[in-house]
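If you want the building blocks of each chain, they are given just below.
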Amino acid sequence: MAPYAGLSFYGFETLKRMCLDHFPESCGKPCPENTGGLVLVIPAKLLCGGLAGAFAQTLSYPLDVARRRMQLAMMIPESYKFTGWLSTLSYVYQDDGIRNGLYRGLSINYIRVVPSVAVSFCVYETLKQWFHLDTGIER
């Protein structure tokens, strides 16, 4: 999903900058090859990636619920009420509420998403450094 990907990159870059700004001794290491500044150490990459994944999943999960409801409605003839994503979100909210409707299943989804996104961003940042692409912040 496009909102999920955009939110996860936004979250990762924001968390990366916060870590390097506020905790440069524990989260960063000097890297003269890139900006000549600081880059994240591997545990910080994993932490920022996992938190970014949780952030993005939390914000985009209602759209995923609407997508699943609309897909299932195609197989069940009496569920014609799901005609668009906005009406589906509205119906789910009115029928089941926020916690048991729009965010049902989110906690179990964190078990899948957080480690996956943490490793993905860690590999992404590490490969950028190996290819001498700019990943750090200037100091």
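As the structure is a computational prediction, the values presented were derived from the model and not from experiment.

Draft legend 1. Just helix 6 (residues 106-130), in detail. Its 25 residues place the ends of helix 6 35 Å apart at the C-alpha level, agreeing with the 36 Å of an ideal helix rising 1.5 Å per residue. In helix 6, a bend of some 30° at Arg112 exceeds every other bend along the element, and Pro115, a proline, comes one to four places later. Taken together, the buried positions of helix 6 are Leu106, Asn109, Val113, Val117, Ala118, Phe121, Cys122, Glu125, Thr126, Lys128 and Gln129. On its buried face, helix 6 is in contact with helix 1 (2-22), strand 2 (38-40) and helix 3 (42-75). After helix 6 finishes, the residue His132 shows a positive phi value of roughly 60°.

Draft legend 2. Structural context of the environment of Ala5. The residue Ala5 is located in helix 1 in this model. Judged by its relative accessible area of 35%, Ala5 is partly exposed. Residues Ala5 and Gln57 lie 52 residues apart in sequence; the distance between their C-alpha atoms is 9.3 Å.

Draft legend 3. Structural detail: the pattern of salt bridges. All told, the structure shown has five salt bridges when counted by the stated rule. In this structure, the salt-bridge partner of Glu13 is Lys16, at a minimum N-O distance of 3.2 Å. Taken together, the positions of Glu13 and Lys16, both in helix 1 and three residues apart, correspond to about one turn of that helix. Residue Arg68 is joined to Asp64 by a salt bridge in which the shortest nitrogen-to-oxygen separation is 3.3 Å. Pair noted here: Arg68 and Asp64 are both in helix 3, with a separation of four residues, about one helical turn. For Arg68, a relative accessible area of 32% gives the class partly exposed. One network of salt bridges, in which partners are shared, links Glu13, Lys16 and Glu125.

Here is what the cut-offs are and how they apply
- Residues numbered from 1 in each chain as written.
- Predicted model: local features only at pLDDT ≥ 70, side-chain atom pairs only at ≥ 80, totals over all residues.
- Heavy atoms only, no water.
- Helix = DSSP H or I, 4+ residues; strand = E, 2+ residues; numbered from the N terminus.
- Expected span 1.5 Å × (residues − 1).
- Bend = angle between axes of the 7 residues up to and from the residue.
- Buried < 20%, exposed > 50% of the residue type's maximum accessible area, 1.4 Å probe, protein only.
- Contact = heavy atoms within 4.5 Å.
- Salt bridge = Lys/Arg side-chain N within 4 Å of Asp/Glu carboxyl O.

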